[in-house]
2 protein chains.
Amino acid sequence: MPPDSRTTSPTRPMRADARRNYDRILAVAAEAIAEHGAEASLEEIARRADVGSATLHRHFPSRQRLLEAVFRDKVEALCATAADLAADPDPGQALATWLGAVARHAVSNRGLAASLMRGAHDGDPTLGATCHTMITNAGADLLARACRANAARPDVSIADLLKLVNAICLAVEREPDGAAQADRLLTLALTGVHPAGGTAGRKM
Amino acid sequence: MPPDSRTTSPTRPMRADARRNYDRILAVAAEAIAEHGAEASLEEIARRADVGSATLHRHFPSRQRLLEAVFRDKVEALCATAADLAADPDPGQALATWLGAVARHAVSNRGLAASLMRGAHDGDPTLGATCHTMITNAGADLLARACRANAARPDVSIADLLKLVNAICLAVEREPDGAAQADRLLTLALTGVHPAGGTAGRKM
DNA sequence: CCAGAACCGGAGTGCCACCCCAGTTAGGTG
DNA sequence: CACCTAACTGGGGTGGCACTCCGGTTCTGG
């Protein structure tokens, strides 16, 4: 979605210079976030993009907006992956594979997990389709299929599953071997701690 | 452990006024952290404790030190719980129960999860027994027992397990129904997504 | 009671997010 | 082409933060 359209469409296209600045900020922001994570300094992004800080704040009124813009294409890629996997003959593995892909994206793109997490319910109704809802919708389908194939418990929600994945990624994001750890923890979470499919409950 | 002793003990006890300030800062910090989480403003804590910011920084050279001091007794309680549970006839459930207790503490004491997480490897060798290592040691025993009883996979480490719990708590900490969510996610992670203990692997 | 060590806190530094407003520029119109 | 206006810009201001320096104050042992 180009940045010049609002949810109510009849808006004039951006002026050429404005769009130039917008694009430059976005490119620089991607670098900075990859380097310093979701808490990268906005001031420095503006500086590196040769732009006043006011300009950055005008184009992206909140940090969350900037993150969403930076990660939009990654999120779209994940949604596309989900669509592909919807045709997989093994719905259970398709779901697991997709969650693994989400995790891999999240650890290799610092800040993505934080962005998806924060976007959950930050109450910005002006933003129609946030990355968070896009991902949720994409995953809901895979989970439903896995459920029907009896490969997932019916009482688990896609929101919970994604929260789990994002939590893991957020936690290991700053560690050197983050990818390996994320993979290990995700596998653990999906298969449980019991050795060979025991079904012991938990008492509190 | 009283704050006037270092790992090498021959240190004079704190002066009375210094200890007074130390205690007041700690009390105020506990409130502030409960209210605003681990990122509470140190400046405001100093202000509320009627103390110059320099005094706060002298007593607690880093945010992590302050967090550790605030949560020390909670962590000791968890370690005691672990010791009790070591006698439980069902090692698998004992482990699960303890992890649940850790989670409950972490969601009801904002900042605890962050503190335990950050303490993992922040390279502060001057601090002998951090909360992180205390918890890890306490849990290692429970996990070893569960392992011996074939109630936990042998390839799972206590570090991973705690990382998982803390990640979950960190993620749901700011949500209104955090406790319920944490419990649900923890159960999910411990038992896996498969309906009745299936053992399907994951392909990436 | 008094010397000196321990301790205190205000003022200073440098970073940050975010806002205001006077000046500049793009781009449609005559 | 020149011009006019709305859109856009960015320097500088505000307020908050973590953290440090240093002259002054307060404990405490002898």
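Structure: see above.
The sections below set out a description of the structure shown in this document. Starting afresh in each chain, residues are numbered from 1 along the sequence in its written order. Just so you know, chain letters begin at A and ligand numbers begin at 1, following the order they were written in. In keeping with the model being predicted, local features are shown solely for residues with a pLDDT of at least 70 and side-chain atom pairs are shown and tallied solely at 80 or more, while totals for entire chains, interfaces and linings include all residues. Side-chain numbers come from the whole structure's heavy atoms, not from hydrogens or water.

Describing the overall build of chain A
We count a stretch as a helix when DSSP gives it H or I for four or more residues in a row; a strand needs E for two or more, and each element gets its number in order from the N terminus. Of the regular secondary structure elements, chain A holds nine helices and zero strands. For chain A, the sequential pattern of α-helices and β-strands runs α-α-α-α-α-α-α-α-α. Computed with a 1.4 Å probe, the accessible areas rest on the Shrake-Rupley method; for each residue, only the protein chains presented here act as cover. A total of about 9900 Å² of accessible surface is found on chain A, and carbon and sulfur atoms cover 53% of it.

Structural notes on the pattern of salt bridges
All names here are of chain A. Throughout this description, the term salt bridge denotes a Lys or Arg side-chain nitrogen within 4 Å of a carboxyl oxygen of Asp or Glu. Under the defined criterion, the tally for this structure stands at 18 salt bridges over all chains. As a salt-bridge pair, Arg48 and Glu31 come within 3.7 Å of each other at their nearest N and O atoms. Here Arg48 is found in helix α2 (residues 42-48), whereas its partner Glu31 is found in helix α1 (residues 16-36), with 17 residues between them in sequence. Note on Arg48: relative accessible area 35%, which makes it partly exposed. The rule is simple: take the accessible area with a 1.4 Å probe, protein chains only, and divide by the maximum for that residue type; under 20% is buried, over 50% is exposed, in between is partly exposed.

Observations concerning the protein's contact with DNA strand C
One heavy atom within 4 Å of a molecule or strand is enough for the residue carrying it to be called near that molecule or strand. Taken together, 25 residues form the shell around DNA strand C, and within it A:Ala16, A:Leu42, A:Glu43, B:Arg15 and B:Asn21 come nearest. Among the atoms of DNA strand C lying within 4 Å of the protein, the sugar-phosphate backbone contributes 64%. As used in this structure description, the phrase polar contact means that two N or O atoms lie within 3.5 Å; if the pair is within protein, one of them must be able to donate a hydrogen and the other to accept it, and residues adjacent in sequence are counted only when both atoms belong to side chains. One of the side-chain nitrogen or oxygen atoms of B:Asn21 is found 2.6 Å away from a phosphate oxygen of DNA strand C. Counting only elements with at least two residues in the surface near DNA strand C, the list comes to α1, α2 and α3 (53-59) of chain A together with α1 (16-36) and α3 (53-59) of chain B. Gly is put with the polar residues, along with every residue not named as nonpolar or charged; the nonpolar set is Ala, Val, Leu, Ile, Met, Phe, Trp, Tyr, Cys and Pro, and the charged set is Asp, Glu, Lys and Arg. Its residues assigned to classes, the surface near DNA strand C shows seven nonpolar, eight polar and 10 charged.

Re the protein's contact with DNA strand D
Near DNA strand D you find 24 residues, and of these A:Arg15, A:Asn21, A:Arg58, B:Ala16 and B:Glu43 are the closest. Taking all atoms of DNA strand D within 4 Å of the protein, the share assigned to sugar and phosphate is 60%. A:Gly52 is positioned with one of its backbone polar atoms (N or O) 3.3 Å from a phosphate oxygen of DNA strand D. Take B:Arg63: an N or O atom from its side chain is 2.9 Å from a phosphate oxygen of DNA strand D. Of all the secondary-structure elements, those providing two or more residues to the surface near DNA strand D are α1 and α3 of chain A together with α1, α2 (42-48) and α3 of chain B.

Quick word on helix α9 (residues 178-191) of chain B
The span one expects for a helix is its residue count, reduced by one, times 1.5 Å. Here α9(B) is 14 residues long and its end C-alpha atoms lie 20 Å apart, about the 20 Å a rise of 1.5 Å per residue gives. Every buried residue of α9(B) is accounted for by B:Gly178, B:Gln181, B:Ala182, B:Leu185, B:Leu186, B:Leu188, B:Ala189 and B:Leu190. Residues of α9(B) that are buried in the fold lie against α8 (158-172) and α9 (178-191) of chain A together with α5 (91-108) and α8 (158-172) of chain B. Phi turns positive one or two residues past the end of α9(B), at B:Gly192, with a value near 85 degrees. By definition, residues are in contact when any of their heavy atoms lie within 4.5 Å.

Thoughts on empty space enclosed by the protein
Residues and elements named next belong to chain B. Here a cavity denotes a set of grid points, spaced 1 Å apart and computed over the protein atoms alone, in which a 1.4 Å probe fits but from which it cannot get out, and a pocket denotes an open set meeting protein on both sides within 12 Å along at least five of seven lines; residues with an atom within 4 Å of a point are reported as lining. Grid points are joined across faces, edges and corners, and a volume is the space filled by probe spheres set on the points. Under the defined criterion, the tally for this structure stands at two cavities of 30 Å³ or more. One number sums up the size of the second largest cavity: a volume of about 30 Å³. Lining the second largest cavity, in full, are Leu99, Leu161, Leu164, Val165, Leu186, Ala189 and Leu190. Those elements that provide at least two residues to the lining of the second largest cavity are α8 and α9.

Quick word on helix α5 (residues 91-108) of chain A
Residues and elements named next belong to chain A. Taking 1.5 Å per residue as the helical rise, α5 with its 18 residues ought to reach 26 Å, and the 26 Å between its terminal C-alpha atoms agrees with that figure. In terms of residue burial, α5 counts as a mostly covered element, since 14 of its 18 residues are buried. Two or three places before Gly92, at the start of α5, stands the capping residue Asp90, its side-chain oxygen 3.1 Å from that residue's backbone nitrogen.

So, the state of the cysteines
Residue and element names in this part refer to chain A. Disulfides are defined as cysteine sulfur pairs within 2.5 Å. A full pass over the atoms with the stated rule returns zero disulfides over all chains. Between Cys169, a cysteine without a disulfide, and Cys131, which holds the nearest cysteine sulfur, the sulfur-to-sulfur distance is 15 Å. Cys169 gets classed as buried once you look at its relative accessible area, which sits at 0%.

Here's the deal with the packing of α5(B) against helix α7 (residues 131-148) of chain B
For any two helices packed against each other, the geometry comes down to the angle between their axes and how far apart the axes lie. Residue and element names in this part refer to chain B. Running from N to C, α5 and α7 point in directions that differ by 155 degrees, and their axes come no closer than 7 Å. As summarised for this structure, α5 and α7 are arranged roughly antiparallel, according to the angle between their axes. For the crossing formed where α5 meets α7, the hand is left-handed. Packed against α5, whose contacting residues are Pro91, Gly92, Ala94, Leu95 and Trp98, the element α7 presents Ile135, Ala138, Gly139, Leu142, Leu143, Arg145 and Ala146 at the interface. Residues that form the contact of α5 with α7 fall into these classes: nine nonpolar, two polar and one charged. Note on geometry: axes are lines fitted to C-alpha atoms, helical ones only across the stretch in contact, with angles between N-to-C directions running from 0 to 180 degrees. These descriptions rest on fixed angle ranges, namely under 35 degrees for roughly parallel, over 145 for roughly antiparallel, 65 to 115 for roughly perpendicular, and the rest for oblique. Note: crossing handedness is left-handed where the near helix turns anticlockwise from the far helix by less than a right angle, and right-handed where it turns clockwise.

Brief notes about the environment of B:Cys79
Residues and elements named next belong to chain B. Take Cys79: it is sitting in helix α4 (residues 63-85). When the C-alpha positions of Cys79 and Ile168 are compared, they lie 20 Å apart, and in sequence the two are 89 residues distant. Those residues in contact with Cys79 that sit more than four places away from it in its chain are Met134, Ile135 and Ala138.

A word on the packing of helix α7 (residues 131-148) of chain A against α8(A)
Residue and element names in this part refer to chain A. For the pair α7 and α8, the least separation of the axes is 9 Å and the interaxial angle reads 115 degrees. As for how α7 packs across α8, the hand of that crossing is right-handed. Taken together, the residues of α8 that come into contact with α7 (itself represented by Ile135, Thr136, Gly139, Ala140 and Leu143) are Ile158, Leu161 and Leu162. Partitioned by chemical class, the residues of the contact of α7 with α8 number six nonpolar, two polar and no charged.

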